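Examining the three-dimensional arrangement
One-letter residues, chain by chain:
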Amino acid sequence: MHGTMIDVACPVCGADATDPYSEENGFLLLRCRGCDLLYVTPRPDPDTTAAAHQYGLHEGDATLAVTGRYRPDRVEPYLRILRDVHGSSLPPTCRRWLDLGCGHGEFLTALRRFAGDDVSLLGLEPNATKAHGCTTRGLDVRSVTLGEVDGSFSAISLLNVFSHLQDPTGFIAECVARLEPGGEFLLETGDTADLAAADHPRPLFLPDHLLFANERIVRRVLTEVGLQVVSVHHYSAASAVPVQVIRECQRALQRRDVPPVLAATRRWVRERRRRIDMYIRARRPD
Ligand SMILES: [Zn+2]
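Residues numbered from 1 in each chain as written. Predicted model: local features only at pLDDT ≥ 70, side-chain atom pairs only at ≥ 80, totals over all residues. Heavy atoms only, no water.

1. A closer look at the nonpolar core
Within the largest apolar cluster, 46 residues are counted, with the highest numbers of intra-cluster contacts made by Leu37, Phe162, Ile172, Phe185, Leu222 and Leu227. Broken down by element, this core gets its largest block of residues, 4 residues, from helix 6 (residues 215–224). Split by domain, this core shows at least three residues from each of two domains, domain 1 (5–65) and domain 2 (72–237 + 274–283). Here Leu37 is in contact with Cys10, Pro11, Val12, Leu30, Arg31, Cys32, Leu211, Phe212, Ala213 and Ile217, once residues within four sequence places are set aside. (Core = buried A, V, L, I, M, F, W, Y, C linked by side-chain atoms within 4.5 Å. Buried < 20%, exposed > 50% of the residue type's maximum accessible area, 1.4 Å probe, protein only. Helix = DSSP H or I, 4+ residues; strand = E, 2+ residues; numbered from the N terminus. Domains from an automatic or database assignment. Contact = heavy atoms within 4.5 Å.)

2. Looking at a nonpolar patch on the surface
Together, Val241, Val243 and Ile246 make up an exposed nonpolar region whose accessible area comes to about 230 Å². Tracing the sequence through the fold places Ile246 in helix 7 (residues 243–255). (Patch = residues over 30% accessible without salt bridge, like charges linked within 9 Å, V, L, I, M, F, W, Y side chains within 5 Å. Areas by Shrake-Rupley, 256 points an atom, 1.4 Å probe, with all protein chains shown as cover. Salt bridge = Lys/Arg side-chain N within 4 Å of Asp/Glu carboxyl O.)

3. Some words on the packing of aromatic side chains
Going through the model one piece at a time under the given rule, you end up with 3 aromatic pairs. Summarising the aromatic geometry, the rings of Tyr78 and Phe107 are spaced 5.2 Å apart at their centres and angled 80° between planes, so their arrangement reads as edge-to-face. On the criterion of sequence distance, the pair formed by Tyr78 in helix 2 (residues 75–86) and Phe107 in helix 3 (residues 106–115) is long-range, its members being 29 residues apart. By the burial criterion, Tyr78 is buried, and Phe107 matches it. Look at Tyr235 and Tyr279: their rings are 5.6 Å apart centre to centre, the planes differ by 90°, and that puts the pair in the edge-to-face class. Note that Tyr235 is positioned in strand 14 (residues 228–235) and Tyr279 in strand 15 (residues 277–283), a separation of 44 residues in sequence. For the pair Tyr235 and Tyr279, a shared accessibility class is recorded, and that class is buried. (Phe/Tyr/Trp six-rings, centres within 6.5 Å; stacked < 30°, edge-to-face > 60°.)

4. Thoughts on the coordination of the zinc ion
The protein atoms that coordinate the zinc ion are Cys10 (SG), Cys13 (SG), Cys32 (SG) and Cys35 (SG), at distances of 2.3 Å. Counting along the primary sequence, the residues that act as donors to the zinc ion give the motif C-x2-C-x18-C-x2-C. When its relative accessible area of 4% is taken as the criterion, Cys10 is described as buried. (Donors = N, O, S within 2.8 Å, 3.2 Å for Na, K, Ca; no water.)

In structure tokens:
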């Protein structure tokens, strides 16, 4: 039912000593004793994972459908993050930006507004439905792998991709090989590997997510592939608008039931306070 399953050692440090952390959807999440990475093993083999990303369906006890939809409300927060990371503008050497795993294209849309028309933008997205949506919104997005695209880039971004990677170090090394000297690298992922299992955001979305890191682990991976970390920026993972709380309120009012509203509000307040979403800016040395 899970396609071909494989056992792996820690994909960051190679150690195979682990402690159990959690389980979900028929998969185990373990914590590496060597580097604290949380990772799934046994896991679907790389071909199964690649096919799952193509169609946005991940098989477990239940099949996860993860295609989602275009979210225009994400563009403004991305613009604020670009200003935090890069100040008022991109470095003048930044002419060609590649966004890997660009999803529905919200970040590319923010980049276009931030960088203007002089920077060429390209997105790669394995999910054909997402890629097609991007092209209908005027973005240059293709459903191919990095190896199928020519040339080098002055910047590469990897947002909400790291947790899905079978081999994070190998994949980012492949990105670095395509960066111009002095090129920019921007990676976003959760900073959650140090949380106790009871405090980790749920659902874990196993096996769509294969690993969860922290700042120390990501810095280690970036350094190993020859990148220099420039800055790290932390944000709340919860939306500023408590959408989930509002929905729970509507449902609870229909039932004349108050406790779920209080619980949902408490969860949202806790999430807003935790800055577990991180953006790491790095650079390939000249
Ligand atoms: Zn490890």
